[in-house]
Amino acid sequence: MKQITLFLLFIILFTGCDFVFHQTQKPVKWGNLTIVKKSFLELPGFETLNYDVVLQNFINNCQKSQKIYGNLCEKSLHVKDAKLFLLQNFTPYSIVDKDKKDEGLLTGYYEAQIHASLHVSKRYKYPIYETPKDLVVVDLSAIYPELKHYRLRGKLQNNKLVPYYSRKESKFHDLNASVICYCDSKIDRFFLEVQGSGKVILDDNSSMYIGYDNQNGYKYKSIGKYLVQKGEIPLEKISLQSIRKWLNEHPSRIDEVLNYNKSLVFFSKRDQSATGALGLQLRAKSSIAVDKKYIPLGNMLYLSSELKNQRFNTIVFAQDTGGAIKGPIRADLFLGSGNNARSIAGKLKSPLKLWVLIPKREEVQK
């Protein structure tokens, strides 16, 4: 026993303060998440982070997350050692799903770019709508708190709420909605909806930004999965690029495929590029879209995955949502704008591990 004690003392003396004895922690509940307490030493790649960039992103995120971080937002403005700020004020908790798995899925998205006009014409004929005036959104959380993450959408017909027009139906009805602009490609319009925001280049060479404002109430359905089910594209080759290529090569089936996703997104004009659901301008490789049923917007997380066949470890912020982003260990990484961002985003589909960084004053008890 004395030999063991001396051995452990020797290790501590010669390895310094970074040596930590890790005890197996039991999973605990944090909201709708199941999490397990960890240490920063267990986060892959933590020692290689650019802590100053992380601190600046945290300060930016604090514009919309004061309720989460309280006085840490004010404290962050006067930090001299960004790494020490993280170590002293936060505790990482790994996220596991209901099946006790700790690995999920990372995909990517980008700021789309489309060509359009303010006036309908033979070329510019595909409308991009604002939220329809007759779209009714019902929030049931005041009566059923357990439904606070859900919204019921539809329209009134004979004093009854009925489903709103699907993507296919909207083509045959005049929506009670203002048109922001008319674009020149229904394919580009569809992927603009998937990305949630974009830059519109108008025919007079001016430009504007638009972003997600609402949707028609139908769940998002992946056209990629549809093409795989139909045997059109092998599962291992499915990507944004392969889907685009297939659609362009099969013009007579474009409507069939796009209408498989009944969800229809409505937009509003924005003052800045790529603004997420949190109301902040998105930052490349720092902002992620999450399922807010599990991860409340504004939270800071540690992410470990692969990007362009290289290990990718970083601190990110939950600042957006998406119709396809479902589950506790699921994230969509914002990659910026331009062709390079689109190329990377279209192919990104990597195993994901997530840790939520919780302020120490709010550490979760067993």
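Details of the structure are given in the entry above.
### Digging into unusual backbone geometry
And step 1. Of note, Lys 308 is a non-glycine position whose phi angle comes to about 55 degrees, a positive value.
And step 2. Locating Lys 308 in the fold gives a position in the loop between strand 14 (300-307) and strand 15 (310-320).
And step 3. Owing to a relative accessible area of 54%, Lys 308 belongs among the exposed residues under this scheme.
And step 4. Positive phi, close to 65 degrees, is recorded for Asn 309, a residue that is not glycine.
And step 5. As for its position among the elements, Asn 309 is in the loop between strand 14 and strand 15.
And step 6. Since its relative accessible area comes to 75%, Asn 309 is described here as exposed.

### What to know about the state of the cysteines
And step 1. Inspection of the entire model under this criterion finds one disulfide.
And step 2. Here Cys 62 is linked by a disulfide to Cys 73, with a sulfur-sulfur distance of 2.1 Å. The S-S bond linking Cys 62 to Cys 73 shows a torsion near -85 degrees; that makes this disulfide left-handed. Here the residue Cys 62 occupies a position in the loop between helix 2 (51-61) and helix 3 (66-69), and Cys 73 occupies one in helix 4 (residues 71-76), the gap between them amounting to eleven residues.
And step 3. With relative accessibility at 5%, the residue Cys 73 sits in the buried group.
And step 4. Looking at Cys 181, it has no disulfide partner, and the nearest cysteine sulfur is the one in Cys 183, 6.8 Å off.

### Concerning the sheet that holds strand 6 (residues 136-138)
And step 1. The three strands lie next to each other as 6-7-8, forming an open sheet whose pairing is antiparallel. The open sheet has two edge strands with one neighbour each: strand 6 and strand 8 (160-162). The sheet shows a mean angle of 50 degrees between the axes of neighbouring strands, taken without regard to direction.
And step 2. Bridge count between strand 7 (residues 152-157) and strand 8: three bridges; the pairing is antiparallel.

### Topic: the nonpolar core
Note on soluble globular proteins: their nonpolar side chains tend to be buried together.
And step 1. In this structure, Ile 35, Ile 95, Leu 247 and Leu 301 are the most contacted members of the largest nonpolar core, which totals 61 residues.
And step 2. Ranked by the residues each element gives to this core, the list is headed by strand 4 (residues 104-117), at five residues.
And step 3. In this view, Ile 95 contacts Leu 33, Thr 34, Ile 35, Lys 101, Asp 102, Ile 295, Leu 301, Pro 328, Ile 329, Leu 354, Trp 355 and Val 356; residues no more than four positions away in its chain are not counted.
And step 4. Counting residues in each nonpolar core, the second largest holds 23 residues, with Leu 49, Cys 62, Tyr 69 and Leu 357 among its members.

### A closer look at the side chain of Asn 216
And step 1. Along the chain, Asn 216 falls in the loop between strand 11 (207-215) and helix 8 (223-229).
And step 2. Exposure remark for Asn 216: the relative accessible area of 1% places this residue in the buried category.
And step 3. In terms of polar contacts, Asn 216 uses its side chain to reach the backbone carbonyl oxygen of Lys 262, at 2.9 Å.
And step 4. A distance of 2.9 Å separates a polar side-chain atom of Asn 216 from the backbone nitrogen of Leu 264.
And step 5. Other than its neighbours up to four places away in sequence, Asn 216 contacts Leu 135, Arg 153, Tyr 164, Tyr 165, Ser 166, Arg 167, Lys 262, Ser 263, Leu 264 and Phe 266.

### Comments concerning helix 5 (residues 82-89)
And step 1. Of the residues making up helix 5, those classed as buried are Ala 82, Phe 85, Leu 86 and Asn 89. End-on, the buried residues of helix 5 take up no more than an arc of 95 degrees, which puts them together on one face.
And step 2. In the core, the buried residues of helix 5 are packed alongside helix 2, helix 4, strand 3 (90-96), strand 14, strand 15 and strand 17 (349-359).
And step 3. Sitting at the amino-terminal end of helix 5 is Asp 81, which places a side-chain oxygen 3.2 Å from the backbone nitrogen of Lys 83.

Definitions and limits used
- Residues numbered from 1 in each chain as written.
- Predicted model: local features only at pLDDT ≥ 70, side-chain atom pairs only at ≥ 80, totals over all residues.
- Heavy atoms only, no water.
- Helix = DSSP H or I, 4+ residues; strand = E, 2+ residues; numbered from the N terminus.
- Buried < 20%, exposed > 50% of the residue type's maximum accessible area, 1.4 Å probe, protein only.
- Disulfide = S-S within 2.5 Å.
- Pairing = 2+ DSSP bridges.
- Axes fitted to C-alpha atoms, helices over the stretch in contact; angles between N-to-C directions.
- Core = buried A, V, L, I, M, F, W, Y, C linked by side-chain atoms within 4.5 Å.
- Contact = heavy atoms within 4.5 Å.
- Polar contact = N/O pair within 3.5 Å; in protein donor to acceptor, adjacent residues only side chain to side chain.
- Arc of directions from axis to C-beta.

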